[in-house]
Amino acid sequence: MNLLKKFTQNFEVVFSGFFLLITVSVVIVNVILRYLFHSGLFWVEEVATTAFIWSVFVGAAAAYKYKMHIGIDIITKLFPEKVREIISIIINFMMIIINSYICYLSTLFIQANKLKRTPVLDIPALYVNLAITVGFGLMTIHAIRFLVIEIRLFTNRESQKEETEA
Amino acid sequence: GGQQEEGTGDDYKLVLKLSHVFSPAEQLTKSMDLVAERILERTNGAIEIQTFPQAQLPAYKEGVEQVVRGADFISVEDPSFIGDYVPDFKALYAPMMYRSFDEYVELTQRPIVEEMKAKAEEQGIKILALDYIYGFRNLITKKVITTPADLNGMKIRTPGSKSYIDTLTAMGANATPLPWGETLSAVQQGVVDGLEGSEFTNLGTKVYEGPTKNVANTRHILGTCGVYISTEVWDRIPEEYRSIVQEEFTKGADEMVSLLKSQHGDVVKELESYGVMFNEVDGDAFRKALAPLYKEQDGMTPGIFDSIFAELDSMR
Amino acid sequence: MTVFPIIIVMILYFSSIPIAFALIAATLAYFTFASVGTPPDLILQKFITSASSFPLLAVPFFIMVGEIMNYSGISSSLMKMADVLTGHMKGGLAQVNVVLSTMMGGISGSANADAAMQSKILVPEMTKRGYGKAFSTAITAASSSIAPVIPPGINLIIYALIAQASVAKMFIGGYVPGILMCIALMVAVNLISKKRGYLPTREKMSPLKDILVQLRESIWALLLPFGIILGIRFGVFTPTEAGAIAVLFCTVVGAFFYKELKWKHFPIIIKNTIYSTSSVVLIIIAASVFGQYMSWERIPHQLTQSLMTFSGSPWLMLIIINVMLLFLGMFLEGGAVLIIVAPLLVPVIKTMGIDVVHFGLVLIVNIMIGGITPPFGSMMFTTCSITKVSVGDFMKEIWPFIIALLIVLLIVTYIPSIVMFLPNLL
Ligand code: NA
Ligand code: NA
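As the structure is a computational prediction, the values presented were derived from the model and not from experiment.

Caption draft 1: A look at the overall build of chain B. When you go through chain B residue by residue, the secondary structure sums to twelve helices and nine strands. Computed over the C-alpha atoms, the radius of gyration of chain B is 20 Å, within 12% of the 20 Å expected from 2.2 N^0.38 for a compact globule of 316 residues. Considering only C-alpha atoms, chain B reaches an extent of 65 × 40 × 30 Å along its principal axes. Expressed as a percentage of its 316 residues, the buried residues of chain B come to 56%. Long-range pairs, those at least 24 residues apart, make up 75% of the contacts in chain B between residues at least 6 apart in sequence. A total accessible area of about 12,400 Å² is found for chain B, and carbon and sulfur atoms account for 49% of it. In chain B, 31 side chains carry a positive charge and 50 a negative one; their mean positions are 6 Å apart.

And the structure:
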């Protein structure tokens, strides 16, 4: 269990980092080949952008896990703590809906057009589109986890209050 | 779909979104706007086609995908994109098939292409036109090119699409895919030794100002757009309006081809006045080099290339 | 015209949901519930097409460069060089702060990265030497607005793509506004320092010998911006590829010349790059997904029509645009504003005969000023959250710098010959 947890904790960053390094490397290699041998690799652009798509969508899940996505809390900060906690729970609930809906749409999207292929490598578009399913699927899981944690914290605190009041 | 009300008579209204990648200054944009206007007028506002240039809405493969999925959408794209759904279209747009615009226009009216259109309908794509032609693509390079050997070691910019890359590679060049936005500076600065494009592109984007003053008339790719709508959407349109839509798209294509022919001579003259030099090429040598691309691929009708060549020979 | 997605965005936005998800949620609601005549899952096309743009790769590349620089000794070497050049001026370290951002601008294009880095490195140093903390934070935020204007910059590339303008012209065009911003801020620092008695770090200008010694030490760091510009100019690589080459260059210099970059730094560099890249690029994707709703509803088209009523007077038109952009820049990340606004405005200004390159520079300077303007500027958030200065204190210190930058904006907007001199040479 612990090992599994450790793996899933770093999985997204390792995965995303791997694809980021592919992106950087193929572009560098292409410049060098073109400069030295006057001939670049025609598939570099598509490989670089496809790897980047995977890096971004999986990386977005990693960033979400550590709450790195930027939002504006200037209004919500004005409310008392209890209201803020409720807002936070509602937001987590909405994040579950948004992310799982995208994940669901991506399965429709992939199924509906199996014939589509990528422009340069001429491989099935599935290999690119699946990044959406994986990225937003992972974010759905994190959102569920956050919701559970926050509800538990909230109810614990409420019952504690009741105890101290009683 | 949602913005239409079913039924016939005066209350019928359908809004279609037409998407393409051309810029407002180009003839295709003007043609599409004109066709949309005429259809709106002739159907008394029942069929409203909203035009979206410059890929504001899904374009290229994504535009065709909208059509296949039954959206209220008209995609105006290179017909080779239909090749994903009906592989025979890849054969129709293989490089160096046509020597003149007329050959191509006539071929699209023959049974062989009619059959291909029928196959496209089975995939949900109703083809309203195939001949919004905007010119042949020729090689625009620093040095004179007459044979495939002349292209040896030359970096030629292409769009980032497999068919272009394969074509230029077979012709003997080092195909270098670059986004159009980076192309002119890449030519200026020598990242590439040339590009390929029509005389209209050459003039319109001032390619002639750079170091690439030679145009080899390879006519290796026919620049043309088709017009596609979902068969599902098409079948819902009342018959009277369908015939108007079809007529106007056909008429628009005819007008664009005649305009193109009349303008091309002037464009060549203007380019020549800027020091651009045109030359013919050894067509047979290039076709021989391109032979591997005339090979049947998965899903194509057996003997499709021979059939197309036979049709073309019958015209020559 | 369906406007409910805009309302949804506003509500979600202020309920502190991450910006990217607010934009995506509103668009999904539109394509699912508004009877738009296309299956809702097809909006995912835009997730892929907007992310699979080669020029967009400049974002991760230059973010990674910024990360590597911090661990490779290049940042500190550049800081020493800036100190040698400006340490004798009134408010020496504040001047260093401005010049360093300008030099960094020649390498990376991210204002937020620049603001974050200097909030960590420079602000503590400044407060130690008697500068006010809010003042130090304000000048750090203000000068970070220079980095995206000086080439290479992601915003310059993004605009060139949208407006179909030459990337090379946008790049060379960025120098004049960027340097004007630098001069304006240095003058403002000088005036404030005189009043408050902020002392120079040294009495006289550094002797030529010291400058040359430091130049020799910093030569590798300084080679980077020059190498990028020359490499692009002489066709060795394209502007996007320059980012990847810069990653390689910084790694080699850091590991073999300054010998500060070690293997152990790589996991943290990659991790930070991924966090920044993913969150920034997800906003870019979300903005273009939201843009798809706007196109579908023909909002750009309608906005263009209504702006056309001012087309008789380019002067008035530019003022309206300036004010609108300052306002938007206060709310949204600079890149996102650019992506949403540029496609709407470029067709309008083209019909009015305003040069697209000139307009692009106006747009970018404008948005960057929005980014430091309270109450919502994004660089303000970045600096304040690192230095722990309250927004109220920040407001008291930032206004002279905003005025200085607004003067530059007026010059850039209304005297096109000054900014267009360099691009017109191309
Ligand atoms: Na600074
Ligand atoms: Na920059």
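Caption draft 2: Region of the structure containing the pairing of strand S3 (residues 73–77) of chain B. Residues and elements named next belong to chain B. Of all five residues in S3, five are buried, a share of seventy percent or more. Of the two faces of S3, the one holding Phe73, Ser75 and Glu77 and the one holding Ile74 and Val76 are both buried throughout. As judged from the three bridges shared by strand S1 (residues 14–19) and S3, these two strands associate in the parallel manner. Following the sheet pairing, Leu18 is matched in S3 by Ile74.

Caption draft 3: Focus on the UniProt feature "transmembrane region" (unreviewed entry) in chain A. Residues and elements named next belong to chain A. Under the feature "transmembrane region" (unreviewed entry), the UniProt entry names residues 12–35, 47–66, 86–107 and 127–148. Secondary structure content for residues 12–35 is 100% helix and 0% strand, while the C-alpha to C-alpha distance between its ends is 35 Å. Split by type, residues 127–148 is 100% helix and 0% strand. Its first and last C-alpha atoms lie 33 Å apart.

Caption draft 4: The arrangement of the interface of chain B and chain C in detail. Taken residue by residue, the interface counts 22 residues in chain B and 21 residues in chain C. For the pair chain B and chain C, the two sides together bury roughly 2,000 Å², of which 51% comes from carbon and sulfur. Applying the counting criterion to the chain B and chain C interface returns one salt bridge. Remark: the boundary between chain B and chain C carries nine residue pairs in polar contact (both at pLDDT 80 or more). Contributing elements (two or more residues each) for the side of chain B that touches chain C: strand S2 (47–52) and helix H2 (60–68) of chain B. Partitioning the side of chain B that touches chain C into residue classes produces seven nonpolar, nine polar and six charged.

Caption draft 5: Structural view of the interface of chain C and chain A. Each partner contributes residues to the interface: chain C has 51 residues there, and chain A has 52 residues. In this assembly, chain C and chain A are joined by zero salt bridges. Taken together, the connections running from chain C to chain A amount to one residue pair in polar contact (both at pLDDT 80 or more). Among the elements of the structure, helix H1 (4–14), helix H2 (19–33), helix H3 (44–51), helix H4 (58–72), helix H12 (239–257) and helix H13 (265–296) of chain C are those that each provide at least two residues to the side of chain C that touches chain A. Looking at the side of chain C that touches chain A, the element that brings in the most residues is H13 of chain C, giving twelve residues. When its residues are assigned to classes, the side of chain C that touches chain A shows 38 nonpolar, ten polar and three charged.

Caption draft 6: Local environment of the environment of Ile96 of chain A. All names here are of chain A. With respect to the secondary-structure elements, Ile96 resides in helix H3 (residues 81–112). Each C-alpha atom of the pair Ile96 and Leu147 lies 8.6 Å from the other, and the pair is 51 residues apart in sequence. Every residue in contact with Ile96, bar those within four places of it in the chain, is listed here: Thr140, Ala143, Ile144 and Leu147.

Caption draft 7: Local environment of a nonpolar patch on the surface. Taken together, Ile32, Tyr35, Leu36 and Phe37 of chain A together with Leu248, Val252, Phe256 and Phe257 of chain C make up a surface patch of nonpolar side chains, about 830 Å² in accessible area. When you line up the elements, Phe256 of chain C lands in helix H12.

Caption draft 8: Up close: the environment of Ile8 of chain C. Residue and element names in this part refer to chain C. Residue position: Ile8 is located in helix H1. Linking Ile8 and Leu23, residues 15 residues apart in sequence, is a C-alpha distance of 8.5 Å. Other than its neighbours up to four places away in sequence, Ile8 contacts Ala26 and Ala29.

Caption draft 9: Looking closely at the packing of aromatic side chains. A complete count under the given rule lists 30 aromatic pairs over all chains for this structure. Between Tyr66 of chain A and Tyr275 of chain C, the aromatic rings sit 5.8 Å apart at their centres with planes inclined by 55°, giving tilted as the arrangement. Taken together, the residues span two chains, with Tyr66 of chain A in the loop between helix H2 (44–65) and H3 and Tyr275 of chain C in helix H13. The class for Tyr275 of chain C is buried, based on a relative accessible area of 7%.

Caption draft 10: Structural view of the side chain of Thr140 of chain C. Residue and element names in this part refer to chain C. Mapping Thr140 onto the fold places it in helix H8 (residues 133–144). For Thr140, a relative accessible area of 0% gives the class buried. A polar atom in the side chain of Thr140 sits 2.9 Å from the side chain of Asn97. With residues near it in sequence (within four places) discarded, Thr140 still touches Asn97, Ala115, Gln118, Ser119, Val123 and Thr383.

Caption draft 11: Molecular detail of H13 of chain C. Here H13 of chain C contains 32 residues, and its C-alpha end-to-end distance of 46 Å stays within 8% of the 46 Å for a straight helix at 1.5 Å per residue. Arg298 of chain C sits one or two positions beyond H13 of chain C and adopts a positive phi of about 55°.

Caption draft 12: Structural view of the pattern of salt bridges. Residue and element names in this part refer to chain B. Inspection of every chain in the model, using the stated rule, returns 30 salt bridges over all chains. Of the charged contacts, one joins Glu48 and Lys13 as a salt bridge, the two residues approaching to 2.9 Å between their closest N and O atoms. Placement of Glu48 in strand S2 and of Lys13 in the segment before S1 is noted, with a sequence separation of 35 residues between them. A relative accessible area of 28% places Lys13 in the partly exposed class.

Caption draft 13: Representation of unusual backbone geometry in the model. All names here are of chain B. Even without glycine at this site, Asn44 takes up a positive phi of about 55°. Summarising the element assignment, Asn44 is placed in the loop between helix H1 (27–42) and S2. Here Asn44 falls in the exposed class, since its relative accessible area comes to 73%. Backbone geometry places Met96, a non-glycine residue, at a positive phi of 55°.

The rules behind the values
Residues numbered from 1 in each chain as written. Chains lettered and ligands numbered in written order. Predicted model: local features only at pLDDT ≥ 70, side-chain atom pairs only at ≥ 80, totals over all residues. Heavy atoms only, no water. Helix = DSSP H or I, 4+ residues; strand = E, 2+ residues; numbered from the N terminus. Rg over C-alpha atoms; globule rule 2.2 N^0.38 Å. Buried < 20%, exposed > 50% of the residue type's maximum accessible area, 1.4 Å probe, protein only. Contact = heavy atoms within 4.5 Å. Areas by Shrake-Rupley, 256 points an atom, 1.4 Å probe, with all protein chains shown as cover. Lys, Arg positive; Asp, Glu negative; His and termini not counted. Charge placed at Lys NZ, Arg CZ, Asp CG, Glu CD. Pairing = 2+ DSSP bridges. UniProt positions renumbered as here; feature names shortened; annotations may be inferred. Buried area = accessible area lost by both parts, 1.4 Å probe. Salt bridge = Lys/Arg side-chain N within 4 Å of Asp/Glu carboxyl O. Polar contact = N/O pair within 3.5 Å; in protein donor to acceptor, adjacent residues only side chain to side chain. Nonpolar A, V, L, I, M, F, W, Y, C, P; charged D, E, K, R; others polar. Patch = residues over 30% accessible without salt bridge, like charges linked within 9 Å, V, L, I, M, F, W, Y side chains within 5 Å. Phe/Tyr/Trp six-rings, centres within 6.5 Å; stacked < 30°, edge-to-face > 60°. Expected span 1.5 Å × (residues − 1).

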